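# Residue-level structure breakdown
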Amino acid sequence: MNYRLIATNIGHWHWNNIEINYIGMIANALFPFQKESFPNDFITSETAKLIYDWILTLAKQNMEESKINELLYKFIKEITPNTDMNDIYEYLNEDVVEVSYDTNLNDFVSRNYHSEININCERLFNDGHYFHAVFEASKVYNKLVKEKSQSNKDGSELMMSALNKNGVLKFTRCESDTDINVQEGIMHLSAGLMRAIRNPQAHEPAIDWNMNNEDCLDILSLISYLLKQLDNAIYCK
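Residues numbered from 1 in each chain as written. Predicted model: local features only at pLDDT ≥ 70, side-chain atom pairs only at ≥ 80, totals over all residues. Heavy atoms only, no water.

## As for the environment of Asn40
What counts here: For helices the rule is a DSSP run of H or I covering at least 4 residues; for strands it is a run of E covering at least 2, with both sets numbered from the N terminus onward. Here the term buried applies to any residue with accessible area under 20% of the maximum for its type, exposed to any over 50%, and partly exposed to those in between, with areas from a 1.4 Å probe on protein chains only. Residue contacts follow a heavy-atom distance rule, with two residues in contact if any of their heavy atoms lie within 4.5 Å. Here a polar contact is taken to be a pair of N or O atoms separated by no more than 3.5 Å, where protein atoms must pair a possible hydrogen donor with a possible acceptor and residues adjacent in sequence count only if both atoms sit in side chains.
Along the polypeptide, Asn40 turns up in the loop between helix 2 (20–30) and helix 3 (46–60). Residue Asn40 is classed as buried on the basis of its relative accessible area, which comes to 19%. With near-sequence residues (within four places) excluded, Asn40 lies in contact with Lys49 and Tyr52. There is a polar contact of 3.2 Å between the side chain of Asn40 and the side chain of Tyr52.

The structure is reproduced here in structure tokens:
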């Protein structure tokens, strides 16, 4: 379903007849989550924007689509009590709503990821391929560490070898205890990424890996952080 279109139209149709407080009461009674905000400069009504935000927040939840749609129907029915629900059902089942939902791209862009994440993962994330987005990001990080360290090793072995305090890639001067802690902390984060994310994903089918959009965004944030540290690392033979 194209939830963005639904959210826009429902708000546009009914905002004059609904009190803001009533919408909030109904949403809090139906939805087990907090409302998020989705920028849209074309919606000038506060009430229409509130409806828009609640429906798009619902669409983002890690639920079966049938459950999302059930809650959507209930929400629309409660906030538009004078509307014939047959009209709503008819609208929601028109061909126009059979377009894939892509509003979570805004969440991806707002994270300000490293350029390598944007290049390799944005399309996968926007298409809902969270498993593959994370897998690609971890492979990119492994590749860039290998290239910058000029090493033939791979995965966690590469990270433990190239990024330790005596390794060839330095994030700090490795002189003080703090320097060494930071250096080895990044090393362990990098090795952990390989062992916990890249290696299992290389051997497990995507269908068996429970990866939702929030998990994906969080893991991509970690990899983006490591990539930014790697950009500033100095090669010391």
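## Some thoughts on the packing of helix 8 (residues 130–149) against helix 11 (residues 213–232)
Using the following cut-off: Think of each axis as a best-fit line through the C-alpha atoms, taken over the contacting stretch in the case of a helix, with angles from 0 to 180 degrees between the N-to-C directions. The cut-offs work like this: below 35 degrees is roughly parallel, past 145 is roughly antiparallel, 65 to 115 is roughly perpendicular, and the gaps in between are oblique. Helix crossings get a hand from a simple test, with the near helix turned counterclockwise from the far one by less than a right angle marking a left-handed crossing and a clockwise turn marking a right-handed one.
At a minimum axis separation of 9 Å, helix 8 and helix 11 run at an interaxial angle of 15 degrees. Relative to helix 11, the element helix 8 is oriented roughly parallel. Considering the relative orientation of helix 8 and helix 11, their crossing is left-handed. Between helix 8 and helix 11, the contacting residues are Tyr130, Ala133, Val134, Ala137, Ser138, Tyr141, Leu144, Val145 and Lys148 on the first element and Asn213, Cys216, Ile219, Leu220, Ile223, Leu226, Leu227, Leu230, Asp231 and Asn232 on the second.

## Things to note about the pattern of salt bridges
Keep this limit in mind: By definition, a salt bridge exists where a carboxyl oxygen of Asp or Glu is found within 4 Å of a side-chain nitrogen of Lys or Arg.
Applying the stated criterion across every chain, the model contains 10 salt bridges. Put simply, Arg111 and Asp218 hold a salt bridge, and the shortest N to O gap is 3.4 Å. One end of the pair, Arg111, is in the loop between helix 6 (105–110) and helix 7 (115–126); the other, Asp218, is in helix 11, and 107 residues separate them in sequence. Among the salt bridges present, the one from Glu147 reaches Lys143, with a minimum N-O distance of 2.8 Å. Of the two residues, Glu147 and Lys143 both sit in helix 8, 4 residues apart, roughly one turn of that helix. Here the salt bridges share partners, and the residues they tie into one network are Glu36, Lys60, Asp107 and Glu214.

Any functional reading would require information that these geometric values do not contain.
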